[in-house]
Amino acid sequence: YENIAFPLVEGVLEGYNGTVFAYGQTGCGKSFSMTGIENPPTQRGIIPRAFKHIFDAVSSTEDAQFLIRGSYLEIYNEEIRDLLGQDHKMKLELKEHPDKGVYVKDLTKKTVADADEIEGVMETGGQNRSVGATLMNA
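Report on the accompanying structure.

Cut-off values and rules
Residues numbered from 1 in each chain as written. Predicted model: local features only at pLDDT ≥ 70, side-chain atom pairs only at ≥ 80, totals over all residues. Heavy atoms only, no water. Helix = DSSP H or I, 4+ residues; strand = E, 2+ residues; numbered from the N terminus. Rg over C-alpha atoms; globule rule 2.2 N^0.38 Å. Buried < 20%, exposed > 50% of the residue type's maximum accessible area, 1.4 Å probe, protein only. Contact = heavy atoms within 4.5 Å. Areas by Shrake-Rupley, 256 points an atom, 1.4 Å probe, with all protein chains shown as cover. Lys, Arg positive; Asp, Glu negative; His and termini not counted. Charge placed at Lys NZ, Arg CZ, Asp CG, Glu CD. Patch = residues over 30% accessible without salt bridge, like charges linked within 9 Å, V, L, I, M, F, W, Y side chains within 5 Å. Salt bridge = Lys/Arg side-chain N within 4 Å of Asp/Glu carboxyl O. Expected span 1.5 Å × (residues − 1). Axes fitted to C-alpha atoms, helices over the stretch in contact; angles between N-to-C directions. Parallel < 35°, antiparallel > 145°, perpendicular 65-115°, else oblique. Left-handed = near helix turned anticlockwise from the far one by under 90°. Nonpolar A, V, L, I, M, F, W, Y, C, P; charged D, E, K, R; others polar.

### What to know about the overall build of the protein
Then step 1. Looking only at helices and strands, the protein features four helices and seven strands.
Then step 2. For 138 residues, the compact-globule estimate of 2.2 N^0.38 gives 14 Å, and the C-alpha radius of gyration of the protein, at 16 Å, lies within 12% of that figure.
Then step 3. Along the first, second and third principal axes, the C-alpha set of the protein runs to 50 × 40 × 25 Å.
Then step 4. Across the 138 residues that make up the protein, the buried fraction comes to 25%.
Then step 5. Contacts in the protein between residues at least 24 apart in sequence constitute 48% of all its contacts with a sequence separation of at least 6.
Then step 6. Total accessible area on the protein is roughly 10,200 Å²; 49% of this is exposed by carbon and sulfur atoms.
Then step 7. Here the protein contributes 14 positively and 21 negatively charged side chains, and the mean placements of these two sets differ by 8 Å.

### Here we look at a nonpolar patch on the surface
Then step 1. There is a patch of nonpolar side chains on the surface, built from Phe-21, Tyr-23, Leu-73 and Ile-75 and spanning about 490 Å² of accessible area.
Then step 2. As for its position among the elements, Ile-75 is in strand E2 (residues 73-76).

### With respect to unusual backbone geometry
Then step 1. With an omega of 0°, the peptide bond between Asn-39 and Pro-40 qualifies as cis.
Then step 2. Of note, Asp-63 is a non-glycine position whose phi angle comes to about 60°, a positive value.
Then step 3. Although it is not a glycine, Asp-106 sits at a positive phi angle of roughly 70°.
Then step 4. As for its position among the elements, Asp-106 is in the loop between strand E6 (101-104) and strand E7 (110-111).
Then step 5. Judged by its relative accessible area of 57%, Asp-106 is exposed.

### Section: helix H3 (residues 46-59)
Owing to its 3.6 residues per turn, the α-helix brings residues three or four apart onto one side.
Then step 1. Here H3 is 14 residues long and its end C-alpha atoms lie 20 Å apart, about the 20 Å a rise of 1.5 Å per residue gives.
Then step 2. Listed as buried for H3 are Ile-47, Pro-48, Ala-50, Phe-51, His-53, Ile-54, Phe-55 and Ala-57.
Then step 3. For H3, the secondary structure elements touched by its buried residues are helix H1 (5-13), helix H2 (30-35) and helix H4 (115-127).

### Remarks on the packing of H3 against H4
Then step 1. Taken N-terminus to C-terminus, the directions of H3 and H4 make an angle of 150°; their axes are 9 Å apart at the nearest point. Taken together, the axis directions place H3 and H4 in an arrangement best described as roughly antiparallel. Of the two possible hands of crossing, H3 and H4 adopt the one that is right-handed. Contacts between H3 and H4 involve Ile-47, Pro-48, Phe-51 and Phe-55 from the former and Ala-115, Ile-118, Glu-119 and Met-122 from the latter.
Then step 2. Looking at the contact of H3 with H4 residue by residue, the classes come out as seven nonpolar, no polar and one charged.

### A word on the packing of H1 against H3
Then step 1. Packing of H1 against H3 brings their axes to within 10 Å, and their N-to-C directions diverge by 40°. By the angle class used here, H1 and H3 are oblique. Both H1 and H3 take part in a crossing whose hand is right-handed. Taking contact as the criterion, the partners of Ala-5, Phe-6, Val-9, Glu-10 and Leu-13 in H1 are, on H3, Ile-46, Ala-50, His-53, Ile-54 and Ala-57.
Then step 2. Class assignment of the residues belonging to the contact of H1 with H3 gives a composition of eight nonpolar, one polar and one charged.

What follows is the structure, given as structure tokens:
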């Protein structure tokens, strides 16, 4: 986290967009790297550590207001799905706008106030993830 995600989150706190993209073969540890386990805390993944980092920074910052929104999407078999949307099986489109840049059309955004709230959002999205047997994990 300290080498890869920490500088990225610091940039987010300065107003830049940031993305950590986990890509790899089935069973190689993408989910574990991103989410980890709750205990022991040393085994927490990139996502919960980033949440703590963001909300620690927000709570210690004076003379500034923050709007924190979270989304949870999945790219599975080259299709984009909104894991927080009403229909998490619906395919979404990747778009580009001259002012907004690249975005996913109609992606759900949840406004959150603290790390516990965003972890609840992640839990909801996690329940909607695609899972399937392949030759690598069957």
